[in-house]
Amino acid sequence: MNRRVVYQTTGGALIDAKSGATLTGVSPDSFKKARVNNALRRAIEAALGALTLANPDPQKRVDAAEAVFKTRDAKALPALKAQLAKESDPRAAAALRQALAAIVALDDSTAAPDRVAAIAELQPRGDEDAESLIGEIAAKAKDPAVQRAATAALSSIKTRLALWSVAQNLWYGVSASSVLLLAAIGLAITFGVMGVINMTHGEMVMLGAYATFVVQSVLPPSLSEWSLAIALPVAFLVSAGVGVALERAVIQFLYGRPLETLLATWGVSLILQQAVRSVFGANNRQVHAPKFMSGAFDLGGLSITSGRLWIIALAILAFVALQLALRATSFGLRMRAVTQNRRMAAAMGISTGRIDMLAFALGSGIAGVALSQIDNVSPNLGQGYIIDSFMVVVLGGVGNLWGTLLGAATLGVANKLLEPMTGAALGKILLLVFIILFIQKRPRGLFALKGRAVEA
Amino acid sequence: MIALLSRFDRAGLAFLALTLGAAALTPVLALAVPRDSPFAMPPYVVALLGKYLCYAILALALDLVWGYCGILSLGHGAQALRAVSLKAEIGRVTCVLGRNGVGKSSLLRAIIGQEKIARGAVRWMGEDVAALPPHLRARRGFGYAPQGREIFPLLTVRENLMTGFAALPRDEREIDEGIFSLFPVLADMLGRRGGDLSGGQQQQLAIARALVTRPKLLALDEPTEGIQPSIIRDIGRAILHLKQRGGMAILVVEQYFEWARDLADDYAVMERGAVVLAGERKDMVESEVRKRLSV
């Protein structure tokens, strides 16, 4: 029998696999097709693994070692040992050692002390892969010493994983808080500072999101990386403009009449939703995140998406900017004066109508940038934020931005920590009950103002 | 309908207009626009508008009920002033005297624009300012320190003073050093919150705050109310100093007769919304005035 292995290129030429020489004058039909079975597959994978383990790129070596760690293929053992002996890159060496330990620890035929040492090597890794591997050992190992070591390592890994999962939920909470803060901080101005119950606030969030969508749609693809930089101010202006129009057309006639304000703005919120539905359709529209905002990285046991990181940065930026605007500008001073004593402010020469209008523009505009980086927009997206935003402002203490910050942080984190235990719906209900009880105890919210100043 | 309308203030009217507008619009949108036209509204939008209309009518009904019950009705107050003729001249102190509730404070508020006047005029430098809102009167030189001081409680002393910048052109926005020589106590308290000051300090702050706007008319409402005697004397000295500096008409509403008498160049006595006695202090018959001040 003629034992020669030949492969065919896409061009149709036949090449001898051993020598690499091109064969001429031979018909492909004269060869028997090699049957791919598991034995062959294993042989090829091991060969490939060994070859990639020796890859000159350290990152490739790490990946290959990780792959071996996952398959725990004993056939890769010689290649692992060979590579480990000459490995210079510390990360690759660590990955190789762990892959080696995984194979050794799982192998019933190795001596018990070696396996215990291998388990000790695996334990600091502490992720889900290590957990399942050591769990397997603990369940299967016959040697009592190995079993003890595996059980101990397993419980330590489990604790570690539980801690990381709490940290992950905390992170989700912080990220949810930042969106909540962006949505609520505008309301802290219109409701907290001016005392207007503005039910269209959620729609301002929605309009800002649609403004982002429109900006992305009309921009040429070459500018798509910059779409956010353009969309943020546009979203701010759109929401602020609608806010001003609303204030001039409806709300200014209803100052001091909370029930009518609530009803009228609620009606306007329905109208706005319907208008958006008529123009853009009822379906969700996709907003693409630019490249620098997509992707994720690991920090210890946390997986952090950069989009969320940017939202947090934006929330902090908006908060600082707003504080500065209120504390350090003449507009901020006038707004605070109007808030504290409208009649006296007018007597000092402050045009209260103009301040109302500008404050409304500011509050609505900030709501507009709240969601301008999130992936899906739909006409009733604002509805989900309005109740939460009011809860944040009430919890934080009306008329106090620091309270709003703390309120948003509390609600966001508490919500995400409760959710895994109770489920989303029950978590919301529990939070609502908590807020009701809290307001009974402290009617002025978290940051109640103290001292003679309040009564004056 | 007119009788009904008269029960509404401006906000009520706006709401009524909104409701009637929606009421008129809904059937028009539902029926008048042909089904196949691009402007035709889907049935659920019409239903939505109809629902909103119902809520608006409900709110209106509630408004009416409240109006009749007198709950939440926004003071369509009684007439406070009847026959008032008063003159405040630049370089002179004019004191308005009278018992409680004769309309002294209403008069000041009408002058600076916080209350609308039904008839008559408020003349200032040849212009009738009766139709101007308060912030425009402030920009024409009306400074006001109200009864009860009305300091902005959460603003610092400095910020309280800076609220007066709104009445000034952009390039004149600074606090006159002279203000701190009149009220030295304020200079040490610039960082304190206005609400944390004592009553006397608040009164000095209220006058200083009015002075920041560089007023040509300084209107003070009971500056001695609830204040210890030493500070009352300080305030009196400050007022005299301001008069001597000139360029300013000073109008003081007061119940503390002796203090006002010593300060005044001109005086006016009010009774039940009207000025009943007025003139220069040197011609004042003290017994006549006292008779109208004693309870």
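Residues numbered from 1 in each chain as written. Chains lettered and ligands numbered in written order. Predicted model: local features only at pLDDT ≥ 70, side-chain atom pairs only at ≥ 80, totals over all residues.

Attention now moves to the overall build of chain A. Helices and strands together make up the secondary structure of chain A, namely 18 helices and seven strands. Relative to its length of 456 residues, chain A is extended, with a C-alpha radius of gyration of 32 Å against a globular reference of 23 Å. Its C-alpha atoms give chain A principal-axis dimensions of about 105 × 60 × 35 Å. The burial tally for chain A puts 40% of its 456 residues in the buried class. The contacts in chain A between residues at least 6 apart in sequence include a share of 68% that link residues at least 24 apart. (Helix = DSSP H or I, 4+ residues; strand = E, 2+ residues; numbered from the N terminus. Rg over C-alpha atoms; globule rule 2.2 N^0.38 Å. Buried ≥ 20, exposed ≤ 12 C-beta atoms within 10 Å, placed from the backbone. Contact = placed C-beta atoms within 7 Å.)

On to the pairing of strand E5 (residues 296-299) of chain A. Residues and elements named next belong to chain A. Here E5 runs beside strand E6 (residues 302-305); their pairing, made up of four bridges, is antiparallel. Note that in E6 the partner of Phe297 across the bridge is Ile304. Joining the antiparallel neighbours E5 and E6 is a turn of two residues, in which Gly300 adopts a positive phi near 60°. (Pairing = 2+ DSSP bridges.)

What follows deals with the pairing of strand E7 (residues 266-271) of chain B. Residues and elements named next belong to chain B. Counting buried positions over the six residues of E7 gives five, a clear majority of the element. Across five bridges, strand E1 (residues 93-98) lies against E7 in parallel orientation. Opposite Gly98, over in E7, you have Met270 as the bridge partner. With six bridges connecting them, E7 and strand E8 (residues 274-280) associate as antiparallel partners.

This next bit is on the nonpolar core. A:Ala184 and B:Ala219 are the most contacted members of the largest nonpolar core, which totals 140 residues. A per-element tally of this core places helix H7 (residues 144-193) of chain A first, with 12 residues. Setting aside its immediate chain neighbours within four residues, B:Ala219 contacts B:Leu108, B:Ile111, B:Ile112, B:Phe142, B:Gly143, B:Tyr144 and B:Leu251. Within the second largest apolar cluster, 33 residues are counted, among which are A:Phe69, A:Ala79, A:Leu80 and A:Ala118. (Core = buried A, V, L, I, M, F, W, Y, C linked by C-beta atoms within 7 Å.)

The next point concerns the sheet that holds strand E5 (residues 217-221) of chain B. Residue and element names in this part refer to chain B. Taken in spatial order, the six strands line up as E4-E5-E6-E1-E7-E8 in an open sheet, and their pairing is mixed. For this open sheet the edge positions go to strand E4 (142-145) and E8, each flanked by a neighbour on one side alone. On average, each strand axis in the sheet is inclined to that of its neighbour by 15°, with strand direction left out of account. In this structure, E1 lies alongside strand E6 (residues 249-254), joined through five bridges in parallel fashion. Residue Val93 lies in a different strand from E6, and its bridge partner there is Ile250. (Axes fitted to C-alpha atoms, helices over the stretch in contact; angles between N-to-C directions.)

Here we take up the packing of helix H4 (residues 90-106) of chain A against helix H5 (residues 112-122) of chain A. All names here are of chain A. Viewed as axis vectors pointing N to C, H4 and H5 meet at an angle of 135°, and their least axial separation amounts to 8 Å. Taken together, the axes of H4 and H5 are oblique relative to one another. Between H4 and H5 the crossing geometry is left-handed. Contacts from Arg97, Gln98, Ala101, Ala102, Val104 and Ala105 in H4 reach Asp114, Arg115, Ala118, Ile119, Glu121 and Leu122 in H5. Grouping the amino acids of the contact of H4 with H5 by side-chain chemistry returns seven nonpolar, one polar and four charged. (Parallel < 35°, antiparallel > 145°, perpendicular 65-115°, else oblique. Left-handed = near helix turned anticlockwise from the far one by under 90°. Nonpolar A, V, L, I, M, F, W, Y, C, P; charged D, E, K, R; others polar.)

For the rest of this paragraph, the subject is the confidence of the model for chain B. Residues and elements named next belong to chain B. On average, residues of chain B carry a pLDDT of 83, and 76% of them reach 70 or more. The low-confidence segment residues 1-8 (pLDDT under 50) makes three contacts with residues lying over four places distant or belonging to another chain. Here residues 70-76 is a poorly scored stretch, pLDDT under 50, and it has four contacts once near neighbours within four places are set aside; other chains count. Across the interface, the model reports ipTM at 0.78; the global pTM reads 0.73. (pLDDT = per-residue confidence, 0-100.)

Residue and element names in this part refer to chain A. Residue placement: Ile137 occurs in helix H6 (residues 128-140). Judged by C-beta crowding, with 24 C-beta atoms within 10 Å, Ile137 ranks as buried. Residues Ile137 and Ala79, spaced 58 residues apart in sequence, show a C-alpha to C-alpha distance of 23 Å. Beyond its immediate sequence surroundings of up to four residues, Ile137 is in contact with Ala105, Leu106, Ile119, Val146 and Ala150.

The subject of this paragraph is the packing of helix H8 (residues 201-218) of chain A against helix H10 (residues 258-280) of chain A. Residues and elements named next belong to chain A. Where H8 contacts H10, the axes come no closer than 9 Å and their chain directions differ by 20°. By the criterion of interaxial angle, the relationship of H8 to H10 is roughly parallel. H10 is crossed by H8, and the crossing has left-handed handedness. Seen from H8, the contacting residues are Gly202, Glu203, Met206, Leu207 and Tyr210; seen from H10, they are Ser269, Leu272, Gln273, Val276 and Phe280. Residues of the contact of H8 with H10, tallied by class, amount to six nonpolar, three polar and one charged.

So, on to the sheet that holds strand E1 (residues 6-8) of chain A. Residue and element names in this part refer to chain A. Reading across from one edge, E1-E2-E3 is the order of the three strands in this open sheet, with antiparallel pairing throughout. With one partner strand each, in any of the chains shown, E1 and strand E3 (22-23) form the two edges of the open sheet. As paired elements, strand E2 (residues 14-16) and E3 share two bridges and run antiparallel to each other. The residue of E3 that forms the bridge with Leu14 is Leu23.

Another point: unusual backbone geometry. Excluding glycine, a negative phi dihedral is what most residues carry, and trans is how most peptide bonds are arranged. Residue and element names in this part refer to chain B. Even without glycine at this site, Met125 takes up a positive phi of about 50°. Of note in this structure, Glu150 is not a glycine but carries a positive phi near 50°. Here Glu150 shows up in the loop between E4 and helix H6 (157-162). For Glu150, a count of 21 C-beta atoms within 10 Å gives the class buried.

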